[in-house]
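Residue strings, one per chain:
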Amino acid sequence: MAATPQGTSIYLDHAATTPCDPRVVEAMLPYFTTFFGNPGSRNHRFGWEAESAVDEAREAVAALLGADEKEIIFTSGATEANNIAIKGGAYMYEKAPAGSGQCRGHIISCTIEHKAVLDPCKRLQKEGFEVTFLEPPADGIITAEMVKAAMREDTILVSIMWANNEIGTINEIPQIGALCHERDVLFHTDATQWAGKMPVDVQRDNIDLLSMSGHKIYGPKGVGALYVRRRRPRVRLQALMDGGGQERGFRPGTLNVTGIVGLGAAARIAREQMDADAQRLLALRRRLEERITSRLTNIQVNGHAEKRLPHISNISFAFVEGESLMMACKDIAVSSGSACTSASLEPSYVLKGLGVGDELAHSSLRMSLGRGTTQAEVDHAADLIVESVKRLRELSPLFDMYNEGIDLSKVEWGHH
Ligand SMILES: *Cc1c(COP(=O)(O)O)cnc(C)c1O
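Residues numbered from 1 in each chain as written. Predicted model: local features only at pLDDT ≥ 70, side-chain atom pairs only at ≥ 80, totals over all residues. Heavy atoms only, no water.

A word on the site of the ligand. Taken together, G77, A78, T79, H114, M161, N165, D190, T192, Q193, S213, H215 and K216 make up the full set of residues near the ligand. Within the backbone of A78, a nitrogen or oxygen atom sits 2.9 Å from an oxygen atom of the ligand. Within the side chain of Q193, a nitrogen or oxygen atom sits 2.8 Å from an oxygen atom of the ligand. In the complex, the protein chains occlude 87% of the 390 Å² of accessible area that the ligand would expose alone. (Near = heavy atom within 4 Å. Polar contact = N/O pair within 3.5 Å; in protein donor to acceptor, adjacent residues only side chain to side chain. Areas by Shrake-Rupley, 256 points an atom, 1.4 Å probe, with all protein chains shown as cover.)

Within strand β5 (residues 155–159), five of the five residues are buried, leaving the element largely enclosed by the surrounding structure. As defined by bridge partners, strand β3 (residues 106–110) adjoins β5 across three bridges and the pair is classed as parallel. Bridged to I107 within β5 is L157. Sheet topology places β5 next to strand β6 (residues 186–190); three bridges connect them, and they run parallel. Residue V158 lies in a different strand from β6, and its bridge partner there is F187. (Buried < 20%, exposed > 50% of the residue type's maximum accessible area, 1.4 Å probe, protein only. Helix = DSSP H or I, 4+ residues; strand = E, 2+ residues; numbered from the N terminus. Pairing = 2+ DSSP bridges.)

We now examine the state of the cysteines. The tally for this structure, following the rule as stated, stands at zero disulfides. In this structure C121 is not part of a disulfide, and its nearest cysteine sulfur, from C110, lies 10 Å away. We classify C121 as buried; its relative accessible area is 0%. You can see C180 has no disulfide; the closest cysteine sulfur is in C121, sitting 13 Å from it. C180 gets classed as buried once you look at its relative accessible area, which sits at 0%. (Disulfide = S-S within 2.5 Å.)

With that out of the way, let us pick up helix α7 (residues 257–293). For the α-helix, the turn length of 3.6 residues means that residues three or four positions removed from each other point alike. With 37 residues, α7 should reach 54 Å at 1.5 Å per residue; the first-to-last C-alpha distance of 46 Å falls well below that figure. At Q273, α7 is deflected by roughly 60°, the largest bend along its length. (Expected span 1.5 Å × (residues − 1). Bend = angle between axes of the 7 residues up to and from the residue.)

A few words now on the sheet that holds strand β10 (residues 312–317). Judged by pairing direction, the sheet is antiparallel, and its four strands sit side by side in the order β9-β10-β15-β12 without closing on themselves. The sheet is open, and its two edges are formed by β9 (299–301) and β12 (335–336), each paired on a single side. Relative to β10, α7 is tilted by about 10°, and along the sheet it contacts β9, β10 and β15 (364–368). In the packing of helix α11 (residues 375–394) onto the sheet, contacts are made with β9, β10 and β15, and the angle to β10 comes to roughly 15°. (Contact = heavy atoms within 4.5 Å. Axes fitted to C-alpha atoms, helices over the stretch in contact; angles between N-to-C directions.)

Quick look at the domain arrangement of the protein now. One frequent convention defines the size of an interface as the accessible area lost when the parts assemble. Taken as a whole, the protein is organised into domain 1 (22–270) and domain 2 (274–402). Computed over C-alpha atoms only, the centres of domain 1 and domain 2 are separated by 30 Å. Note on domain 1 versus domain 2: buried area summed over both sides is about 2,200 Å², and carbon and sulfur give 60% of it. Taken as a group, E166, I167 and Y218 account for 30% of the area that domain 1 buries against domain 2, more than any other trio of residues on that side. Across the domain 1-domain 2 interface, the total number found is zero salt bridges. (Domains from an automatic or database assignment. Buried area = accessible area lost by both parts, 1.4 Å probe. Salt bridge = Lys/Arg side-chain N within 4 Å of Asp/Glu carboxyl O.)

On to the pairing of β6, then. Across the five residues that make up β6, a large majority, five, are buried. Burial along β6 is two-sided: L186, H188 and D190 and F187 and T189, pointing in opposite directions, are all buried. Handedness of the β5-helix α6 (residues 173–182)-β6 crossover: right-handed. (Right-handed = clockwise from strand over helix to strand, strands pointing away.)

Take the sheet that holds strand β7 (residues 209–213) next. Across the sheet, seven strands lie side by side as β2-β8-β7-β6-β5-β3-β4; this open sheet has mixed pairing. Of all the strands in the sheet, the pair left with one neighbour each is β2 (72–75) and β4 (130–134). Strand-to-strand twist across the sheet, computed as the mean angle between neighbouring axes with direction ignored, equals 20°. Two elements, β2 and strand β8 (residues 224–228), share four bridges in a ladder whose sense is antiparallel. Along β8, the bridge assignment pairs I73 with L226. Along the sheet, helix α2 (residues 45–65) makes contact with β2, β7 and β8, crossing β2 at roughly 115°.

Across all of its chains, the model carries 20 salt bridges by this definition. A salt bridge links D21 to R23; the nearest nitrogen and oxygen atoms lie 2.9 Å apart. Across the salt bridge formed by D383 and R291, the nearest N and O atoms sit 3.6 Å from each other. Note that D383 is positioned in helix α11 and R291 in helix α7, a separation of 92 residues in sequence. Taking relative accessible area as the criterion, D383 reaches 21% and is therefore assigned partly exposed. A relative accessible area of 25% places R291 in the partly exposed class. Residues joined by salt bridges that share partners form a network here, namely R287, R291, R295, D379 and D383.

What follows is about the side chain of S368. Summarising the element assignment, S368 is placed in strand β15. We classify S368 as buried; its relative accessible area is 0%. Ignoring any residue separated from it by four or fewer positions in sequence, one finds S368 in contact with L12, D13, H14, A15, H311 and I312.

This is the structure in structure tokens:
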């Protein structure tokens, strides 16, 4: 029996993944069967057909970014693109060799990046690089000023995400890029939540390396791309894998032709539709937030009020328990402010990074809208959330105490 999603579920988790656009699937299908060749096969029609499909997809992704098609490397997703950019860049531009006892080079990133940036940076720290993780202010935005203040003589790489996946905040990417170019420092941005939804021009925006992913922009999972600047400056990277030399040696292995065709189709559609999508989703998100914030007290929308992606909303609800809130809202697919680590529920490090307390972080919801989201769904989700929060608060002794004017910060809690 095929797995069928719950009929009543409203999907508001597009920052986790998007469904494939049917036009993307249609573009991919012939490449499983009719045109199944290996683009590396240089001496027959099957190879040429696959190669030309990959070329077309490369042009579409390049056009989306304002890049040249020679600057696009296909990967298995944004995680791999980030690893190739950050580790490959650090190894290539290191100031001192491994084992010399000296700092191999200084890197600047940020505490609320995706794990796919944080973990490669932490690996480099263990290997003798020094990393400054910038701490964002409460609005979540990393400015060029902050990066400038962290710059050192031996800074070799800056990696700052374009827009945050949990709170949607938008960093000062073109300005950070300009600063890096002034100082001859390599600039990488994880643009997984931005590229394909908002305009990118790698020249105008001063970007050297940019990661993106298919499944966040209505393409398939397991495919992504890394933009690698080829001129002014020509960026070099040390390859992390060895093999058949595909993708200019940066990403050896037989190309994922169907996935790449899907990513190309998704990029083409994104370019045509992003303005209209963004406008519609901004209106829907405002409606969602308005319907929640106007009917509940003691809540906060996390991240900068305006400098946010149109489709992401992250709201903390005081006086409700995170798990109960998720249970009560199980008919809407959203993300919680808790991350499941191996044994326990940890509050989101992104919200903690903004200074949101553990309790409040646990009782937070990230709602991310997408191309298929309707106004009726938004209204229904908002109503369900408002009703659930009101009901849970009726059961909350803390909320009672708060309403009676008791200062909760002065209450002495028993240990258990
Ligand atoms: C989803 C996401 C990733 C990981 O992308 P994959 O293609 O799934 O590896 C990395 N960074 C950000 C900001 C993301 O949202």
